[in-house]
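Examining the three-dimensional arrangement
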Amino acid sequence: GKNRSICSSYVAFYRNILIVISLGLLAAGIYYYFVHRGHYNALGGLRNVLNEVLDDDGYSVDHIENEARLRDLWELDQICYGDENISLEVLRAWWKTYEKGIYLLKEKNKVIGAFGLFPMSKDGFREILEGKAREEDITPDFIETNVSALGHQEWYLSGIALRVAFRRTHAVRYLIASALEMWLEAHALNAHIKIVALAYTREGEALLKRFGFGKYKERKETLSRYPVYLYETKKIGKFQEVINRLIDTKAKKAKIKAKNIS
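One structure accompanies this document, and this report is about it. Computed from a predicted structure; not experimentally measured.

Let's shift gears to the environment of L230. Structurally, L230 can be placed in strand β7 (residues 228-233). Residues L230 and V196 lie 34 residues apart in sequence; the distance between their C-alpha atoms is 4.8 Å. Those residues within four positions of L230 in sequence are excluded, and the remaining contacts are F125, L129, K194, I195, G212, F213, G214 and Y216.

Here you go:
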């Protein structure tokens with residue numbers, strides 16, 4: 001019905017907003033990695049930026065440890081994505097293939113959010129990029145299990161789920177920052193990074209473009225009927241724009257705060 005369509009449109013738009021936020025922080029982390037040229041120095045540099053905008057509030061982020069937690073996540077995805085959600089069987093196959101691809105946000109041991117970032121095989125990445133596969137078509141063959149300690153090139157950002165009560169809090173930034181920190185710790189990043197994403201609404205497309213994504217496939221050219229966007233760089237200097245945007249925003253807020261106090 002009409003209300004269901006409106007709800008579906010809102011969820012899709014919200015999902016794309018979170019994807020763009022995620023990739024902005026992802027870019028920041030990659031930038032710090034190469035600037036500091038040391039994995040643990042990079043993590044420290046990233047923490048210095050993120051700690052300015054994050055509080056704890058008892059949150060924790062971990063990987064999925066068992067089937068019960070996996071079902072908790074899937075049920076949360078059902079609430080967030082509805083008919084657009086993948087089946088529990090598909091999610092289970094992803095998890096069993098690459099357990100580090102999903103990060104759970106918990107408050108007092110209750111799952112309140114999740115972040116998904118999976119390394120793709122070259123063939124799997126190409127299938128998504130060329131619009132030949134829907135999200136539910138992603139099988140274990142798409143996911144790369146032999147991720148080199150020196151880094152991996154092709155990634156699929158599957159999105160973020162967050163309980164409604166936490167969507168207007170800093171929980172989303174805590175989830176992204178913590179997941180990113182864990183991701184950086186587990187992978188020495190490759191200088192050539194490619195991230196593929198699906199755009200679910202026109203508003204989402206606009207946001208992806210704003211953050212440097214280029215449209216790779218029109219919706220009419222894809223099996224899912226959603227356009228495919230690609231973020232790719234071989235030059236870390238491109239991430240400076242993202243860093244500057246984060247720093248400028250923080251500086252403006254600090255000035256406003258200081259003015260109000262005075």
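The next thing to look at is the pattern of salt bridges. Scanning the model with the defined rule gives twelve salt bridges in all. Close ionic contact of K106 with D62 constitutes a salt bridge, the shortest N to O distance being 3.4 Å. A residue pair is termed long-range when its members are at least 10 positions apart, and K106 in strand β2 (residues 102-107) and D62 in strand β1 (residues 59-63) qualify at 44 residues. On the basis of relative accessibility, which here comes to 32%, the residue D62 falls in the partly exposed class. For the salt bridge of R92 with E67, the shortest nitrogen-to-oxygen distance reads 3.0 Å. Pair noted here: R92 is in helix α4 (residues 88-97) and E67 is in helix α3 (residues 67-81), with a separation of 25 residues, a long-range link. In this structure R92 comes out as partly exposed when scored by relative accessible area, which is 23%. We classify E67 as partly exposed; its relative accessible area is 33%.

With that settled, the discussion passes to empty space enclosed by the protein. Here the idea is plain: a probe the size of a water molecule rolls over the atoms and shows the empty space left. Under the definition given, this model contains four cavities of 30 Å³ or more. By volume, the largest cavity is sized at about 200 Å³. Around the largest cavity, the lining comprises 18 residues; the ones closest to its centre are D77, Y81, L91, W94 and S158. Of all the secondary structure elements, the ones that give two or more residues to the lining of the largest cavity are α3, α4, β3 (110-119) and β4 (154-162).

Moving on to unusual backbone geometry. The phi angle at K108 is positive, at roughly 50 degrees, despite the residue not being glycine. Residue position: K108 is located in the loop between β2 and β3. The exposure class assigned to K108 is exposed, which follows from its relative accessible area of 80%. In the Ramachandran plot, N109 falls in the positive-phi region, its phi being about 70 degrees despite a non-glycine side chain. Mapped onto the fold, N109 is located in the loop between β2 and β3. Given the relative accessible area of 53%, N109 is considered exposed.

What follows is about the packing of aromatic side chains. Following the criterion strictly, the structure yields five aromatic pairs and no others. Considering the side-chain rings of Y103 and F115, the 5.9 Å spacing of their centres and the 70 degrees angle between planes classify their relative orientation as edge-to-face. Within this pair, whereas Y103 is found in strand β2, its partner F115 is found in strand β3, the two being separated by twelve residues in sequence. Taken individually, Y103 and F115 each receive the classification buried, so the pair is uniform in this respect. An aromatic cluster of three or more residues is present, and its members are Y59, F166 and Y174.

Attention shifts here to helix α5 (residues 122-129). Turning to α5, its buried residues number three or more, namely G124, F125, I128 and L129. Axial view of α5: buried residues confined to an arc of 135 degrees, hence all on one face. Exposed positions of α5 whose direction lies more than 90 degrees from the buried face are K122 and D123. The elements touched by buried residues of α5 are β4, β5 (193-198), β6 (214-217) and β7. G131 lies just past α5 and shows a positive phi near 75 degrees.

So, how was this worked out
Residues numbered from 1 in each chain as written. Predicted model: local features only at pLDDT ≥ 70, side-chain atom pairs only at ≥ 80, totals over all residues. Heavy atoms only, no water. Helix = DSSP H or I, 4+ residues; strand = E, 2+ residues; numbered from the N terminus. Contact = heavy atoms within 4.5 Å. Salt bridge = Lys/Arg side-chain N within 4 Å of Asp/Glu carboxyl O. Buried < 20%, exposed > 50% of the residue type's maximum accessible area, 1.4 Å probe, protein only. 1 Å grid on protein atoms, 1.4 Å probe; cavity = no way out; pocket = protein on both sides within 12 Å on 5 of 7 lines; lining within 4 Å. Points joined across faces, edges and corners; volume = space filled by probe spheres on them. Phe/Tyr/Trp six-rings, centres within 6.5 Å; stacked < 30°, edge-to-face > 60°. Arc of directions from axis to C-beta.

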